[in-house]
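Now for the letters of each chain:
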Amino acid sequence: MVRLTDGDDDESAADSDSILESQLNRRNYLKLGAMAASTALSAGVASAASGPEERFGIQWDRVVNAVDDLGMDPNGNEPIDDQLDSAYESGTLIEFPPGEYLATETQYWNDDVSRFGMVGTGSSHKDVQFVFPSGNNGEKYRFLEITSGDHHVLKNFSIQQTDDDTTTADIWMINDDGGLIEDVEWLGRTPTDNNARRQLLAYDCSSVDGVNVARRVYMREGAELPGYPDGVAGIRVQGGSVGEIRLVDCHIEQRGSSSFRATHTRGVLRVEGGLFKNNDNTNMRISAGDHPTKTSWIKGATVIMDADNLNEHARDGDSLDSPEGLRIDSTGNGYAGVLIEDCDFIFKSCPTSRGVVSSPTWAGHGGFTLRNCRIQNDTSVQTIHADSVDTDTADKPWGVNLENVSITGSTRSQPAGAAVCIDNDRNGSTVQNSCIHFPNGDVDGVLVNDATNCEIVDSNINVTGQATVFSGADVDTSNITSGDSCPLPSADGSTGGDSSTTDDSTDSTTDSTTDDSTTEPLPNELRLVGTGTTTQYEFTVTDSLQASGDTIEEWDDIESGTATGWITTDGVEDAYTFSGDIDSFSFLEGESEIHVNGEQVSESTVTGATSDSSTDGSTDSSTDGSTDDSTTDLSHELRLVGTGTQTQYEFTVSDALEAAGDTIETWDTIDGTAASGWITTAGVEDTFNFAGSVTSFGFVEGEAEIYVDGERVTESTVTDAVTDSGTDGSTDSGTDGSTDSTDDTTDSQNELRLVGTGAETQYEVTVSGTLEASGDTIEQWDDVSESSATGWVTTEGVEDVYAFTGTITSLSFPEGEAEVYVNGTRVDPAVFSLPNTLVVEGDGTETTYDFMVSGDILNDPLVGPTESDDSLTNGKAKGSVTDGIDAFRFSGDITKMNLAGDAALTFEDNDG
């Protein structure tokens, strides 16, 4: 059970309802009467709507029924788009009865509306579902785009993406203040960002004094897991957000990218409670923000990484790529001061990862604090790594503070050599009242490199290696002990026991109430079967209680003879065995079927359904635990040589892998036959020896030179460079490393410039290759990923500049407009919305062409600009080409085509 804690920071985790109420009082809204406010509604609707009512701390001028008053179809057959748009006005609350509502068009709302709500009336948020056309015709569908106003409420409904690989729907909501998204769930499988935007919910606060809340937002039905950067995140707070966004008791699981991300925001993100599990890239990604009076924090949250046990929504072949627990990241903005308090991190199994808690150098973040947190790390990924800080750009303080932090687990090694690694210039870092217990392998406690004015005090460090290791560091230590175990984390966020049993041995005498993996069933069985309603239950037995099989999830809690848990999906069950009787039982929320010893009973009769019986509690935990680590001849070599670009790589080999010499740094990781790492400085190299062949390779960010057994290869050919699986060192590269000229358009570097015209303008751009900011033209409110960017340009003549490879697949302006230049030539941005292409490539002799399309046609500036003699008018293109290329994008069909000469003509029809 995930809990919400108050904490004692500068602002407590107050209930979000009271926050909304105080906001409303502060703004002192005029409460309009029903007659004055109904002018935008038809007379029939106005007469049917109820009068002023107060709900959720907001005064509504009218409450209307989506079906009875607005005429929406609750059966999902007829679109609701027009009725929904016509009802959008200040003071209106729309109630949706249970049913399915078909949305086919994006609602673009930018009318400074105050107090607008969409609320389902069902007993469960799944009773009202918004559905969308299957596949969305390949579009990245946006359900709602609300870019102004305040006190918008979205509550008690679900967004049904279905389980195909193309249908998705996202929401972007910006409010000045008082926004509330509550009890909303995204259902169905989320595709990659080829068929979706970068996140399912973009949530911003456009006023410095404003607070917008998302409470009980659920995203837990799985996603495609393509690896960064192609996965879709859960919630993103963007660069334009300047106030406070608060996430309360959200459950985000198995996303293709971060569960939530707030790295560019000038405002703050505050997270209260919640469960974040098995999300790729990062489970939590946050910065301190740049608010004048507030900093970001996370309190009472639980992070679980168990990559070997994805939930029931996973498909065959789904696997996580490089998930982290928490990344402190301001994406180069230099923010400092985020607080992580009363949180639990549980890493049971994990592929390559930067760490449970990390702040990479390139993240550009200053100091942060972990307080009253518990970390269990049973994997080989780094536990805590505060990488070196850029003192020229990062705000002070630069230090990392661990206060009352417990670190436990069965890990046998750490990439940095120590559980906690504090790197260069993290001056003023402290570890106090903390506990580290790693009893296996060879692991040090705390490593400090080249930092001053640090201290480690009043802490227990019980590890197999050295308690502390300092390299060029100034560290004061006092009262360091080494004999104690440490508090373990719990999946419900409470402290659970200690780490005295986290070594490799087993203990068959363990109490059956705390270890269900090695105990025999108790004589009675209780099964709770989901009915499709989000349900929380609690019960107590008079004797012993344990989970049955693997039906109990991390958010369910067993303590002595009491269990508390959640069950939601129809037909899915939580099962327990117990001795004695059921002493008490209640549903705290929702309902489910109850079965005791095979008989279905009711909530009121469950306590009388059993009689006492006994058990001897004996167990059989025998296992040899042996492994076979036969040696392998590592005769092949892979070298990665830096080119001066900040580069992250990852690869796997088929047989065995190890580092060569001392070229691998603490931030590089080898996990079995997989490796990931960073290389930046030109000429510096990371070198590995391996057996077998390279089975996968990719640059997550940047690029480097690649050499296999001394021969240079490319990213696309490295997996073919060794085809033998033996150890004689022979290779068969099948390639000379040359590139094909047909790839020049995608491999070459292009320039995109967006120049302000004086209008407040937001842009969104996506490319098929890679994208990066050029120079220092990008501000902290602009958001750049590997292949896309979102930003703002306002002042006339000021420009945002990007370098990119491939083609521009989309470019749009959600607000305002700007001049667009590609490779120095001004272009019409509308060209990038045209789906089809036509290319005329000359062969040295003149060829004339004349063709017509049924839709629109524009020159494609990335392939070949037209000359002054060529013409484009009203769907017609006419011109000539000799030894160059003329290229076009168009919509519709080619209705006429004349070509005189020997030029090559190619075209792609992508819209049918």
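Our subject is the structure that appears above.
For every chain, the first residue of its written sequence is number 1, and the numbers climb from 1 along that sequence. Residue-level local features of this predicted model are given only where pLDDT is at least 70; pairs of side-chain atoms are given and counted only at 80 or more, and the full residue set underlies all totals for whole chains, interfaces and linings. With hydrogens and water set aside, each side-chain value is computed from the structure's full complement of heavy atoms.

**Description of the overall build of the chain**
Secondary structure elements are defined from DSSP: runs of H or I of at least 4 residues count as helices, runs of E of at least 2 residues count as strands, and each element is numbered from the N terminus. Regarding its fold elements, the chain presents 5 helices and 75 strands. Here the term buried applies to any residue with accessible area under 20% of the maximum for its type, exposed to any over 50%, and partly exposed to those in between, with areas from a 1.4 Å probe on protein chains only. For the chain, the proportion of its 912 residues judged to be buried stands at 54%. Here the contacts in the chain between residues at least 6 apart in sequence split such that 77% fall between residues at least 24 apart. In the form shown here, the chain has an accessible surface area of approximately 35200 Å², with 41% of it arising from carbon and sulfur atoms. Only heavy atoms enter the contact rule, under which two residues are in contact if any of them lie within 4.5 Å. Per-residue and other accessible areas were derived by the Shrake-Rupley procedure at a 1.4 Å probe size, with only the shown protein chains allowed to occlude residues.

**Considerations on the sheet that holds strand β49 (residues 599–601)**
Pairing between two strands requires that DSSP report at least two bridges joining them. Pairing in this open sheet of 5 strands is antiparallel, and the strands run β43-β46-β41-β48-β49 from one edge to the other. This sheet does not close on itself; its edge strands, each paired only once, are β43 (545–547) and β49. Taking the axes of each pair of neighbouring strands and ignoring which way they run, one obtains an average angle of 30° across the sheet. Direction of pairing for β43 relative to strand β46 (residues 573–578): antiparallel, over a ladder of 3 bridges. In the sheet register, Leu-545 faces β46, and the bridge partner there is Phe-578. Interaxial angle, 0 to 180 degrees, is taken between N-to-C directions of lines fitted to C-alpha atoms, where a helix line uses only the stretch in contact.

**As for the state of the cysteines**
Only a pair of cysteine sulfur atoms within 2.5 Å qualifies as a disulfide here. Under the criterion given, the structure shown has 1 disulfide. Disulfide pairing is shown between Cys-435 and Cys-486; the S-S distance is 1.8 Å. Taking the sign of the torsion about the S-S bond as the criterion, the disulfide between Cys-435 and Cys-486, at about -75°, is left-handed. In this pair, Cys-435 sits in strand β36 (residues 435–438) while Cys-486 sits in the loop between β40 (475–481) and β41 (524–530), placing the two residues 51 residues apart along the sequence. The two residues Cys-435 and Cys-486 agree in class, both being buried. Here Cys-343 is not disulfide-linked; the sulfur of Cys-373 is the nearest cysteine sulfur, at 4.8 Å. With a relative accessible area of 0%, Cys-343 lands in the buried category.

**Focus on a negative patch on the surface**
Patch construction takes residues with relative accessible area above 30% that form no salt bridge. Like charges are linked within 9 Å, and nonpolar side chains (Val, Leu, Ile, Met, Phe, Trp, Tyr) are linked within 5 Å. Here, a salt bridge means any side-chain nitrogen of Lys or Arg that lies within 4 Å of a carboxyl oxygen of Asp or Glu. Counted as positive: Lys and Arg. Counted as negative: Asp and Glu. His and the chain ends are not counted at all. Taken as the charge centre is NZ of Lys, CZ of Arg, CG of Asp or CD of Glu, depending on the residue. On the surface, a cluster of negative charge is made up of Asp-82, Asp-85, Glu-105, Asp-111 and Asp-112. Structurally, Asp-111 can be placed in the loop between β7 (107–109) and β8 (114–120).

**A closer look at the packing of aromatic side chains**
Each Phe, Tyr or Trp ring, with Trp reduced to its six-membered ring, pairs with another whose centre is within 6.5 Å; inter-plane angles below 30 degrees give stacked pairs, above 60 give edge-to-face pairs, and intermediate values give tilted ones. Taken as a whole and assessed by the stated rule, the structure comprises 26 aromatic pairs. On the numbers, 6.3 Å between centres and 25° between planes, the contact of Tyr-649 with Phe-651 is stacked. When its relative accessible area of 2% is taken as the criterion, Phe-651 is described as buried. Each ring, one from Tyr-763 and one from Tyr-802, has its centre 6.2 Å from the other, and the planes form 75°; the classification is edge-to-face. Of this pair, Tyr-763 sits in strand β60 (residues 761–767) while Tyr-802 sits in strand β64 (residues 799–804), and the two are 39 residues apart along the sequence. The structure contains a cluster of three or more aromatic residues connected by ring pairs, namely Phe-96, Tyr-101, Phe-130, Phe-132, Tyr-141, Phe-143 and Phe-157. We note Lys-299 situated over the ring of Trp-297; from NZ or CZ to the ring centre the distance is 4.3 Å. The rule for a charge over a ring is simple: NZ of Lys or CZ of Arg within 6 Å of the ring centre, and within 35 degrees of the ring normal. Its end group placed over the ring of Tyr-821, Arg-753 keeps NZ or CZ at 4.5 Å from the ring centre.

**Points about unusual backbone geometry**
Going from Tyr-228 to Pro-229, the amide bond is cis rather than trans, its omega being 10°. Position of Pro-229 among the secondary structure elements: in the loop between β15 (211–219) and β16 (233–236). With omega at 0°, the peptide bond leading from Lys-396 into Pro-397 counts as cis. Residue position: Pro-397 is located in the loop between β31 (384–386) and β32 (400–403). For Phe-56, which is not glycine, the phi torsion reads 55° and is therefore positive. By the element assignment, Phe-56 lies in the loop between β1 (53–55) and β2 (58–60).

**Details of the side chain of Thr-777**
In this structure, Thr-777 sits in the loop between β61 (771–773) and β62 (783–784). For the purposes of these results, a polar contact is taken to be a pair of N or O atoms within 3.5 Å, where, inside protein, one atom must be able to donate a hydrogen and its partner to accept one; residues adjacent in sequence count only when each atom of the pair is a side-chain atom. Of the polar contacts made by the side chain of Thr-777, one reaches the backbone oxygen of Ser-774; its length is 3.2 Å. Among the polar contacts made by the side chain of Thr-777, one reaches the main-chain amide nitrogen of Val-801 at a distance of 3.0 Å. Residue contacts for Thr-777: discarding those within four places in its chain leaves Glu-799, Asp-800 and Val-801.

**Looking at the nonpolar core**
Buried residues of nine kinds, namely Ala, Val, Leu, Ile, Met, Phe, Trp, Tyr and Cys, make up a nonpolar core once their side-chain atoms join them within 4.5 Å. Residues Met-118 and Phe-143 are the most contacted members of the largest nonpolar core, which totals 100 residues. What Phe-143 contacts, discounting residues up to four positions off in sequence, is Leu-84, Ala-103, Glu-105, Thr-106, Gln-107, Met-118, Phe-130, Phe-132, Ile-159, Ala-169, Asp-170 and Ile-171.

**Some thoughts on the pattern of salt bridges**
For the structure shown, the criterion picks out 40 salt bridges. In this structure, Arg-142 engages Asp-170 in a salt bridge whose closest nitrogen and oxygen atoms are separated by 2.8 Å. Of this pair, Arg-142 sits in strand β10 (residues 142–146) while Asp-170 sits in strand β12 (residues 170–175), placing them 28 residues apart in sequence. The partner of Asp-783 in a salt bridge is Arg-236, with the nearest N and O atoms 2.7 Å apart. In this pair, Asp-783 sits in strand β62 while Arg-236 sits in strand β16, placing the two residues 547 residues apart along the sequence. Within this structure, Arg-142, Glu-145, Asp-170, Arg-197 and Glu-764 form a network of salt bridges that share partners.

**With respect to the environment of Gly-875**
Mapped onto the elements, Gly-875 comes out in the loop between β71 (871–873) and β72 (876–881). Along the backbone, Gly-875 and Ile-894 are 19 residues apart, and their C-alpha atoms lie at a distance of 9.5 Å. Contact partners of Gly-875, with chain neighbours within four places excluded, come to Phe-851, Met-852, Val-853, Gly-855 and Ile-857.

**A short note on the environment of Val-700**
With respect to the helices, strands and loops of the structure, Val-700 is situated in strand β56 (residues 694–701). Of the residues examined, Val-700 reaches a relative accessible area of 7% and is grouped as buried. Along the sequence, Val-700 and Tyr-228 sit 472 residues apart, while their C-alpha atoms lie 6.8 Å from each other. Excluding anything up to four places from it in sequence, Val-700 contacts Tyr-228, Gln-648, Glu-650 and Glu-786.

**Overview of empty space enclosed by the protein**
To find leftover empty space, a probe the size of one water molecule is rolled over the atoms. Here a cavity means grid points, on a 1 Å grid over the protein atoms only, where a 1.4 Å probe fits yet cannot get out; a pocket means an open set of points with protein on both sides within 12 Å along at least five of seven lines; lining residues are those with an atom within 4 Å of a point. Grid points are joined across faces, edges and corners, and a volume is the space filled by probe spheres set on the points. Here the structure, examined in full by the defined rule, presents 1 cavity of 30 Å³ or more. What lines the largest cavity is a set of 13 residues, and nearest its centre among them are Tyr-228, Pro-229, Gly-231, Arg-236 and Ser-257. Throughout, the ten residues Ala, Val, Leu, Ile, Met, Phe, Trp, Tyr, Cys and Pro are labelled nonpolar, Asp, Glu, Lys and Arg are labelled charged, and all others, Gly among them, are labelled polar. When the residues that make up the lining of the largest cavity are grouped by side-chain class, the tally is 3 nonpolar, 5 polar and 5 charged.

**Examining the sheet that holds strand β47 (residues 582–589)**
In space, the 4 strands of this open sheet follow the order β44-β45-β42-β47, with antiparallel pairing throughout. What marks the edges here is a single partner per strand, and that holds for β44 (557–559) and β47. Between one strand axis and the next, the sheet turns by 10° as a mean value, whatever way the strands run. Summarising the sheet, β44 and strand β45 (residues 562–567) pair through 3 bridges and their orientation is antiparallel.

**Section: the environment of Thr-190**
Turning to its location among the elements, Thr-190 is positioned in the loop between β13 (180–187) and β14 (199–205). Accessibility expressed as a relative area gives 0% for Thr-190, which makes it buried. Sequence separation between Thr-190 and Gly-231 is 41 residues; the distance between their C-alpha atoms is 9.0 Å. Filtering out sequence-adjacent residues up to four positions away, Thr-190 remains in contact with Gln-161, Leu-200, Gly-222, Ala-223, Glu-224, Val-232 and Arg-255.

**Remarks on the pairing of strand β63 (residues 788–793)**
Most of β63 is tucked away: 6 of the 6 residues are buried. Burial of β63 is two-sided: the residues Ser-788, Thr-790 and Trp-792 facing one way and the residues Ala-789, Gly-791 and Val-793 facing the other way are all buried. Sheet topology places β60 next to β63; 6 bridges connect them, and they run antiparallel. Bridging from a neighbouring strand, Glu-764 pairs with Thr-790 of β63. Hairpin connection from β62 to β63: 3 residues lie between these consecutive antiparallel strands.

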